[in-house]
Amino acid sequence: RMRKFIKNGLIYDGSGNIPFMKNIVIENDKIVAITDSTDIRADVEINAEGLVVTPGFIDIHRHCDIAALYDEDFGELELAQGLTTVMGGNCGLAPVPTVDKSRQEVYDFIEPCLGIAPPEMKMEQFSDYIMALEKTPIPIHMGSYMGTGAIKAAVKGFNKTPFIEKEMDRAQNYIVEGMLAGAFGISMGIMYQPECYSTKDEIVRMLSAATPFQRPLTCHIRGEGDNLISSVKEIIEIAKMAELQIGRAHV
């Protein structure tokens, strides 16, 4: 049993309350005591005088979907930044789901943001990605949103035409499968291909598959310049019509 003792640190406990001076006892990577006592026997003792001690930070927007599976050093940089939990699948840009017909086109499109996807990464369902994460030894916690850009590309590639009925059904089925597999929410990037070709009504209909699950919707909005205000209004209307909460809208 490994016992660690962190003493003399200024603790910010994440509650928003005023920080306080205490000592922390950790056993097998779990905090078991926050105390004034300094008479603690431990295998490792850390003097945090003049330093701040906090819970691990959570980065809810990180494009690390591929790195988490294939970068042997993944997690080291994040831990050095104080991160212990990260969230992938942002901006609708994701390497899953993909299908043979459009997979390489998707990988080429997301490469500047997510890096190179190796040829063996062939994941047709969101659950494939979750299972791969569970089998990969990484030193931090990771979750993921479902990217609707990946969903649309899996259904119809980068085609500019609207969904036909059977394509809409496939898109909605992808969303349901992902929600059941453990997706934390839905992410969109409606300024990017192929989502930029979708109308508000088409987006709302697709997202309605996620409504029963009541998980947050995050979105890289349609525009950042002269159409900034209209783009913000659009995503607010989409969320209301689809009965979803906006977790984050960004430019």
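Refer to the structure above for everything that follows.
Remember, predicted model here, so these are calculated numbers, not experimental data.

Caption draft 1: Examining the overall build of the protein chain more closely. If you tally the helices and strands in the protein chain, you get eight helices and twelve strands. Dimensions of the protein chain along its principal axes, counting C-alpha atoms only, are 70 × 40 × 35 Å. Expressed as a percentage of its 251 residues, the buried residues of the protein chain come to 45%. Long-range pairs, those at least 24 residues apart, make up 72% of the contacts in the protein chain with a sequence separation of at least 6. Carbon and sulfur atoms make up 53% of the accessible area of the protein chain, which amounts to about 13,400 Å² in all.

Caption draft 2: Inspection of the environment of I31 at higher detail. Note on placement: I31 falls in strand 3 (residues 30–35). Expressed as a C-alpha distance, the spacing of I31 and F5, which sit 26 residues apart in the sequence, is 9.8 Å. The residues contacting I31, other than those within four sequence positions of it, are I24, V25 and I26.

Caption draft 3: Looking closely at the sheet that holds strand 7 (residues 83–88). A sheet is described by the order of its strands in space; here three strands give the open sequence 6-7-8, paired in parallel fashion. Of all the strands in the sheet, just strand 6 (57–59) and strand 8 (141–144) have a single pairing partner and so form its edges. In this sheet, adjacent strand axes meet at a mean angle of 15° when their direction is disregarded.

Caption draft 4: Molecular detail of the state of the cysteines. In this structure the tally under the stated criterion is zero disulfides. Not part of a disulfide, C64 finds its nearest cysteine sulfur in C113, a span of 10 Å. Judged by relative accessible area, which is 4%, C64 ranks as buried. Summary of cysteine pairing: C196 is not part of a disulfide, and the nearest cysteine sulfur, belonging to C219, is at 12 Å.

Caption draft 5: View of the side chain of E27. Tracing the backbone through its elements, the reader meets E27 in strand 2 (residues 20–27). Excluding residues within four positions of it along the chain, E27 makes contact with R1, M2, R3 and V32.

Caption draft 6: Molecular detail of the nonpolar core. In this structure, Y129, I186, L207 and L217 are the most contacted members of the largest nonpolar core, which totals 55 residues. Membership of the second largest hydrophobic core comes to six residues, among which are I24, I26, A48 and V53.

Caption draft 7: Structural context of helix 6 (residues 165–181). End to end, helix 6 covers 24 Å across 17 residues, agreeing with the expected 24 Å (1.5 Å per residue, within 8%). Where the residues of helix 6 are buried, they touch helix 4 (126–135), strand 9 (146–147), helix 5 (148–156), strand 10 (186–189) and helix 7 (200–207).

Caption draft 8: Representation of a negative patch on the surface within the structure. A surface patch of negative charge is lined by D71, E72, D73 and E76. Looking at the element boundaries, D71 is found in the loop between helix 1 (67–70) and helix 2 (76–80).

Caption draft 9: Fine view of the side chain of N23. Inspection of the secondary structure assignment puts N23 in strand 2. At a separation of 3.0 Å, a polar atom in the side chain of N23 contacts the main-chain carbonyl oxygen of S37. Setting aside anything within four residues of it in sequence, one finds N23 in contact with F5, I6, K7, N8, A33, I34, T35, D36, S37 and T38.

Caption draft 10: Examining a nonpolar patch on the surface more closely. A cluster of nonpolar side chains, namely L228, I229, V232, I236 and I246, defines an oily patch on the protein surface of about 390 Å² accessible area. If you tally residues by element for the nonpolar patch, the top one is helix 8 (residues 228–242), at four residues. Take L228: it is sitting in helix 8. On the basis of relative accessibility, which here comes to 34%, the residue L228 falls in the partly exposed class.

Caption draft 11: Region of interest: the pairing of strand 1 (residues 3–11). By the bridge criterion, seven bridges tie strand 1 to strand 2 in an arrangement that is antiparallel. Among the inter-strand pairings, R3 is bridged to a residue of strand 2, identified as E27. Sheet analysis places strand 1 next to strand 4 (residues 44–47), joined by four bridges and oriented parallel. Directly across from K7, in strand 4, lies its bridge partner N47. The sheet contact formed by strand 1 and strand 5 (residues 52–53) spans two bridges and is parallel. Within strand 5, the position partnered with I11 by the bridge is V53.

Calculation rules
Residues numbered from 1 in each chain as written. Predicted model: local features only at pLDDT ≥ 70, side-chain atom pairs only at ≥ 80, totals over all residues. Heavy atoms only, no water. Helix = DSSP H or I, 4+ residues; strand = E, 2+ residues; numbered from the N terminus. Buried < 20%, exposed > 50% of the residue type's maximum accessible area, 1.4 Å probe, protein only. Contact = heavy atoms within 4.5 Å. Areas by Shrake-Rupley, 256 points an atom, 1.4 Å probe, with all protein chains shown as cover. Pairing = 2+ DSSP bridges. Axes fitted to C-alpha atoms, helices over the stretch in contact; angles between N-to-C directions. Disulfide = S-S within 2.5 Å. Core = buried A, V, L, I, M, F, W, Y, C linked by side-chain atoms within 4.5 Å. Expected span 1.5 Å × (residues − 1). Patch = residues over 30% accessible without salt bridge, like charges linked within 9 Å, V, L, I, M, F, W, Y side chains within 5 Å. Salt bridge = Lys/Arg side-chain N within 4 Å of Asp/Glu carboxyl O. Lys, Arg positive; Asp, Glu negative; His and termini not counted. Charge placed at Lys NZ, Arg CZ, Asp CG, Glu CD. Polar contact = N/O pair within 3.5 Å; in protein donor to acceptor, adjacent residues only side chain to side chain.

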